[in-house]
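# Descriptive analysis of the structure
What follows is the residue order along each chain.
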Amino acid sequence: MDRSALVPEQIDAVVFDVIGTLVDEDGTWQAVAERLAAEAGVDDGAALYTVWAEILEQQMNAVVDGTAPSRPHRQLVNDSAREAITRSGGNPAPAALALVQDLDSEYPAWPDVAPATAALRKNHLVAGVSNGDLDSLARLANTNAISWDVALSTGSAGTFKPAPAAYEYAIDALRLDPARTLFVAAHPWDLRAASEHGFRTAYVARPGAERPSADDSFDLYAEDLAALVELLS
């Protein structure tokens, strides 16, 4: 694959990961886990958060691997919360689970998202490609003034990132030329998979998100979206 230096004028489209990259996933989950623990009778909210996140990752990986059927991301968030509460000795009563029912629709965006996405849309096609459900993405955009031309849910491809079908779906649905498309994420695993499909890649640092390894090589590195806009201008 040609990984020549990225020329901003050769980027026609900017595709964003959403959960964690445009909206605060980690901080939101920590706060909800504390409330969930109190409601469900679990002593340690931080420990509940860790178990909950691990179970969700396992359930999503099973869908990616093809060992479990595809289900809406919202359902997996709720199912993993129920299992985490049970494992932690709490009571997964309806009042507790109601706290996570609409979690995917309620993440707050990072402060730089609204101005940056609006600026990028002036000269680029801007899209979101997320493991979140389509209705959740619509509500996140509406609440947080995210400016994109379209948002795609990998659920439409019956899987989740980093399954190859998720990136192929985005390429086909939007008729993208990956070599002229910048894939932006705060998750190195997402960027690695996107790169395998020919996307140019940009890592944006976010609190609570994984940092690149010494072996990672992305086209752009930015501290925030304001810096990314500057790099593409």
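Scroll up a little and you will see the structure.
Residues numbered from 1 in each chain as written. Predicted model: local features only at pLDDT ≥ 70, side-chain atom pairs only at ≥ 80, totals over all residues. Heavy atoms only, no water.

Below, the discussion takes up unusual backbone geometry. What is expected of a backbone is that most residues other than glycine have negative phi and most peptide bonds are trans. Across the junction of Lys 161 and Pro 162, the peptide omega takes the value 15°, indicating a cis bond. Relative to the helices and strands, Pro 162 is located in the loop between strand 3 (150-153) and helix 7 (164-174). Backbone geometry places Ala 145, a non-glycine residue, at a positive phi of 55°. One can find Ala 145 in the loop between helix 6 (134-144) and strand 3. With relative accessibility at 45%, the residue Ala 145 sits in the partly exposed group. The backbone of Arg 175 sits at a positive phi, close to 50°, despite the residue not being glycine. For Arg 175, the position within the fold is in the loop between helix 7 and strand 4 (181-185). Residue classification places Arg 175 among the exposed positions, given a relative accessible area of 77%. (Helix = DSSP H or I, 4+ residues; strand = E, 2+ residues; numbered from the N terminus. Buried < 20%, exposed > 50% of the residue type's maximum accessible area, 1.4 Å probe, protein only.)

Quick look at the nonpolar core now. Counting 53 residues, the largest nonpolar core has Trp 52 and Leu 228 as the members making the most contacts within it. Per element, the largest residue contribution to this core is 7 residues, and it comes from helix 2 (residues 45-65). Not counting residues within four places of it along the chain, the set of residues in contact with Trp 52 comprises Trp 29, Val 32, Ala 33, Leu 36, Val 77, Ser 80, Ala 81, Ala 84, Val 100 and Leu 103. One finds Ala 185, Leu 191, Ala 193 and Phe 218 within the second-largest nonpolar core, a separate group that totals 20 residues. (Core = buried A, V, L, I, M, F, W, Y, C linked by side-chain atoms within 4.5 Å. Contact = heavy atoms within 4.5 Å.)

This paragraph deals with the packing of helix 5 (residues 113-120) against helix 9 (residues 225-232). The interhelical angle for the contact between helix 5 and helix 9, taken along N-to-C directions, is 20°, at an axis separation of 9 Å. Here helix 5 lies roughly parallel to helix 9, going by the angle between them. Read as a crossing pair, helix 5 and helix 9 show a hand that is left-handed. Here Val 113, Ala 116, Ala 119 and Leu 120 of helix 5 lie close against helix 9, whose contacting residues are Leu 225, Val 229 and Leu 232. Here the residues of the contact of helix 5 with helix 9 are counted per class, giving 7 nonpolar, no polar and no charged. (Axes fitted to C-alpha atoms, helices over the stretch in contact; angles between N-to-C directions. Parallel < 35°, antiparallel > 145°, perpendicular 65-115°, else oblique. Left-handed = near helix turned anticlockwise from the far one by under 90°. Nonpolar A, V, L, I, M, F, W, Y, C, P; charged D, E, K, R; others polar.)

Turning our attention to the pairing of strand 3. Within a regular strand, side chains alternate between the sheet's two faces. Strand direction decides the pairing type here: strand 2 (residues 125-130) and strand 3, joined by 4 bridges, are parallel. Each bridged residue has a counterpart across the sheet, and for Val 129 the counterpart in strand 3 is Leu 152. Note on the crossover from strand 2 through helix 6 to strand 3: the handedness is right-handed. (Pairing = 2+ DSSP bridges. Right-handed = clockwise from strand over helix to strand, strands pointing away.)

Take Val 32: it is sitting in helix 1 (residues 25-40). For the pair Val 32 and Leu 103, spaced 71 residues apart in sequence, the C-alpha separation works out to 8.6 Å. The residues touching Val 32, leaving out its near neighbours within four places in the chain, are Trp 52, Leu 99, Val 100 and Leu 103.

Pairing is parallel in the open sheet, where 6 strands are placed in the order 3-2-1-4-5-6. Since the sheet does not close on itself, it has two edges, and those belong to strand 3 and strand 6 (220-222), each with one partner. Pairwise comparison of adjacent strand axes, ignoring direction, gives a mean angle of 25° for this sheet. Both strand 4 and strand 5 (residues 200-204) contribute to a ladder of 4 bridges, which runs parallel. Counted as the bridge partner of Phe 183 is Thr 201 from strand 5.

Quick look at the side chain of Asp 216 now. You can see Asp 216 is positioned in the loop between strand 5 and strand 6. For Asp 216, a relative accessible area of 13% gives the class buried. Excluding its chain neighbours within four sequence positions, the residues that come into contact with Asp 216 are Pro 188, Arg 192 and Tyr 221.

So, about the side chain of His 124. Inspection of the secondary structure puts His 124 in the loop between helix 5 and strand 2. Here the side chain of His 124 touches Ile 11 through a polar contact of 3.5 Å, landing on its backbone oxygen. Not counting the four nearest positions on each side in its chain, His 124 is found in contact with Ile 11, Asp 12, Ala 13, Val 14 and Asp 149. (Polar contact = N/O pair within 3.5 Å; in protein donor to acceptor, adjacent residues only side chain to side chain.)

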